[in-house]
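# Structural features, examined
The primary structure of each chain is shown beneath.
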Amino acid sequence: MGPPLRNYLAKQSEKSIRVFCLGNGWPGGCGKAQRFPCGETCARKRQRKDQRERLAMSVSMLSTFVKPMHPEGRKFVAIAAAITVALFLLWEPLGWIGTGLTIWVYYFFRDPPRVTPAREGLMISPADGVVSLLQPAVPPAELGLGDQPMTRVSVFMSVFNCHVNRLPLAGRITKVAYHKGLFLNASLDKASLDNERNGLAVETASGQRYGVVQIAGLVARRILCFVKEGDTLATGDRFGLIRFGSRLDIYLPEGVQPLVCIGQTMIAGETVIADLTGSEPARTGEVR
C-alpha cells in the first residue's frame, strides 16, 4: 500500500467514528457496531429523530384546532380584525374582547374537509348540528316535489356549528327556489313554511327525487347558494352556506326510512341519515 493510499484512508477514518449502540441509553439499541459519517453518534441520530417526531405531533395537534376558512368569511374576519385594532387603541381590555370576537368569526366560517361515505345509495347529513324534527311533512310547493307528505329530517345549526352545507346524495339539481319570509326561531316547526328559505330539488341517477331546504333563523339573515339548476354534484359536495345560525330540512325519497334520531348530533358530509338501497326500518334511540 503506497503512501498516497494510506493518507487517503487516514483522512476518511478521521471523518468517521466507530460506536457501539448498546441499547441501555436509548430505546431500540441494536448492540452492534455502527459507523456514521462525520463522527455523528447513534445517540445524536436518535435525538434528531425524537425532535422530528415531536414536531410532527405538534403540527397534528395544531391542525385539530386550526381549520381552513371558507372564502365567504374572509371579509368578515377582516372587518372584525380592524375593529379589534381600533378597540386596542381605545382601551386594551376592549381590544382583547375584540380578539375573541375575531377568533369566533373565523371559527364560524371554518370549512374543514370531511370524509364522505362512498357507497352508493347512502344519504349524508347536509349540515352540522342536531336533529330537531323528524316527521312526515309536505315539501315546499316551489320545489315541485308534489303535495304528498315526505319524511322530513330537520338539522338545527347553532352559531357554534360549521355552517357550510353539503349535498346529501349525488344527483342533478332540477330546481333552485328562493322564498322570502320571516326570521323566526329556526327550531320551530312553522319555520319550514314561514321563514326565509332556499330549496333544492335533486334527482338521483336512479330517478329518485328528494329535497333539501336552507332555512334562515332568528340570527341568520343571509342564505347563500353556490349551485344552479342543471348542475350535477357528488355526495358531500358543498352547495351553500347560511350566516349565523339556521336549519336545514331534508325531504327523503318515497319509501326511504331515516337512520337518525331526534337529538342526534350530525356531521355534514359524514353522518349517514338514510340508505336508499337498504331495508332497515326507522331507527329509535335513547339518551344515555
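Let me sum up the structure you'll find in this document. (Residues numbered from 1 in each chain as written. Predicted model: local features only at pLDDT ≥ 70, side-chain atom pairs only at ≥ 80, totals over all residues. Heavy atoms only, no water.)

### Topic: the overall build of the protein
When helices and strands are tallied, the protein shows 5 helices and 15 strands. Among the 288 residues that make up the protein, the fraction classed as buried is 38%. In the protein, the share of contacts with a sequence separation of at least 24, taken over all contacts with a separation of at least 6, comes to 67%. Carbon together with sulfur atoms contributes 60% to the accessible area of the protein, which is approximately 16,300 Å² in total. (Helix = DSSP H or I, 4+ residues; strand = E, 2+ residues; numbered from the N terminus. Buried < 20%, exposed > 50% of the residue type's maximum accessible area, 1.4 Å probe, protein only. Contact = heavy atoms within 4.5 Å. Areas by Shrake-Rupley, 256 points an atom, 1.4 Å probe, with all protein chains shown as cover.)

### Some thoughts on helix α3 (residues 74–90)
In this model, α3 (17 residues) spans 25 Å end to end at C-alpha, consistent with the 24 Å of a helix rising 1.5 Å per residue. Within α3, the full set of buried residues consists of Val77, Ala80 and Thr84. Down the axis of α3, the sector holding all buried residues measures 65 degrees, keeping them to one side. Exposed positions of α3 whose direction lies more than 90 degrees from the buried face are Ile79, Val85, Leu89 and Leu90. (Expected span 1.5 Å × (residues − 1). Arc of directions from axis to C-beta.)

### Let's talk about the sheet that holds strand β7 (residues 171–179)
Taken together, 8 strands build an open sheet; the order of strands is β11-β7-β8-β9-β13-β5-β4-β14 and the sheet is antiparallel. Among the strands making up the open sheet, the edge pair consists of β11 (232–233) and β14 (265–266). Pairing analysis gives 2 bridges linking strand β4 (residues 129–137) to β14, with the strands arranged antiparallel. Bridge pairing links Val130 to Thr265 in β14. (Pairing = 2+ DSSP bridges.)

### Describing helix α4 (residues 92–108)
In a regular helix each residue adds 1.5 Å, so 17 residues correspond to 24 Å; α4 covers 24 Å between its end C-alpha atoms and thus fits that length. Residues Gly95, Gly98, Thr102, Val105 and Phe108 constitute the buried set of α4. Looking straight down α4, one finds that the buried residues subtend no more than 130 degrees of arc, so they occupy a single side. Turned more than 90 degrees away from the buried face of α4 sit Trp96, Ile97 and Ile103, all of them exposed. Looking at the buried residues of α4, the elements they touch are α3 and β12 (238–243).

### Overview of the sheet that holds β12
As summarised here, the arrangement of the 3 strands in space is β6-β12-β10, forming an open sheet in which the pairing is antiparallel. Looking at which strands have only one partner, the edges of the open sheet turn out to be β6 (164–166) and β10 (222–225). Averaged over all pairs of adjacent strands, the angle between strand axes in this sheet comes to 20 degrees, irrespective of strand direction. Two strands pair when backbone bridges link them, and β10 and β12 are joined in this way by 4 bridges, in the antiparallel orientation. Paired with Cys225 across the bridge in β12 is Gly240. (Axes fitted to C-alpha atoms, helices over the stretch in contact; angles between N-to-C directions.)

Distances and angles like these do not, on their own, reveal function.
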